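# Residue-level structure breakdown
Listed below, chain by chain, are the residues.
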Amino acid sequence: MAREIDLTDIGNHFGEKVQKVVRKATFKAEKDIKEFTPVDTGNLRNSWQSEVKPYIGIVSTNIEYAEPVAYGTNLPPSWGGRYRTRQSTIKGYPELVAKQLEQYIKNEFRKA
């Protein structure tokens, strides 16, 4: 049975759905990014944090070597100009996680 929504409530209805999906997707992104993050000491993996605001979800870290490890850019001199991690990490894995989230977000919005 279809849910009936008064036209004056449609903005609130969809706003609540979007906020719920943003929250779920942000925490899923954090979890997935942590799983892709290689572990040496565990500092980088443990440093990823989520911040959820209405309609905005952010996953970030303040670890200075996150950029070379996650994206293969801004490589430190000690890497000799080559991207390398001990676990053969895929360059740009946060972007891969974001791409995978597209379908997840569509499915979650339908369910919300």
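Whatever comes next refers back to the structure up there.
Please read these numbers as outputs of a predicted model, since none were measured by experiment.

## What to know about the environment of Arg86
Here Arg86 is to be found in the loop between helix 3 (66-71) and helix 4 (93-111). One polar contact links Arg86 to Asp40, side chain to side chain, over a distance of 2.8 Å.

## Quick word on the nonpolar core
Counting residues in each nonpolar core, the largest one holds 12 residues, listed as Ala29, Ile33, Leu44, Trp48, Ala66, Val69, Ala70, Trp79, Tyr83, Tyr93, Val97 and Leu101. Excluding residues within four positions of it along the chain, Val97 makes contact with Ala29, Asp32, Ile33 and Phe36.

## Topic: the pairing of strand 2 (residues 56-60)
Where strand 1 (residues 49-53) meets strand 2, five bridges bridge the pair, whose relative direction is antiparallel. Paired with Lys53 across the bridge in strand 2 is Ile56. Count of turn residues in the strand 1/strand 2 antiparallel hairpin: two residues, of which Tyr55 carries a positive phi of about 70 degrees.

## With respect to unusual backbone geometry
At Tyr55, a position not held by glycine, the phi torsion is positive, near 70 degrees. Tracing the backbone shows Tyr55 in the loop between strand 1 and strand 2.

## Structural notes on helix 4
Side chains that are three or four residues apart share a direction in an α-helix, a result of its 3.6 residues per turn. The first and last C-alpha atoms of helix 4 sit 27 Å apart over 19 residues, in line with the 27 Å expected at 1.5 Å per residue. Its axis deflected by about 30 degrees at Glu102, helix 4 carries its strongest bend there. Of the positions making up helix 4, those classed as buried are Tyr93, Pro94, Val97, Leu101 and Glu108.

## Details of the environment of Glu35
Here Glu35 shows up in helix 1 (residues 10-36). On a C-alpha basis, the gap between Glu35 and Ile58 in space is 17 Å, while along the polypeptide they are 23 residues apart.

## A short note on the pattern of salt bridges
Taken as a whole and judged by the stated rule, the model has eight salt bridges. Between Lys24 and Glu108 there is a salt bridge; the shortest N-O distance is 2.6 Å. Here the residue Lys24 occupies a position in helix 1, and Glu108 occupies one in helix 4, the gap between them amounting to 84 residues. Ionic pairing is found between Asp32 and Lys31, a salt bridge with its closest N-O pair at 3.7 Å.

Each value, and the rule that gives it
Residues numbered from 1 in each chain as written. Predicted model: local features only at pLDDT ≥ 70, side-chain atom pairs only at ≥ 80, totals over all residues. Heavy atoms only, no water. Helix = DSSP H or I, 4+ residues; strand = E, 2+ residues; numbered from the N terminus. Polar contact = N/O pair within 3.5 Å; in protein donor to acceptor, adjacent residues only side chain to side chain. Core = buried A, V, L, I, M, F, W, Y, C linked by side-chain atoms within 4.5 Å. Buried < 20%, exposed > 50% of the residue type's maximum accessible area, 1.4 Å probe, protein only. Contact = heavy atoms within 4.5 Å. Pairing = 2+ DSSP bridges. Expected span 1.5 Å × (residues − 1). Bend = angle between axes of the 7 residues up to and from the residue. Salt bridge = Lys/Arg side-chain N within 4 Å of Asp/Glu carboxyl O.

Without other data, these values stay purely geometric and don't point to any function.
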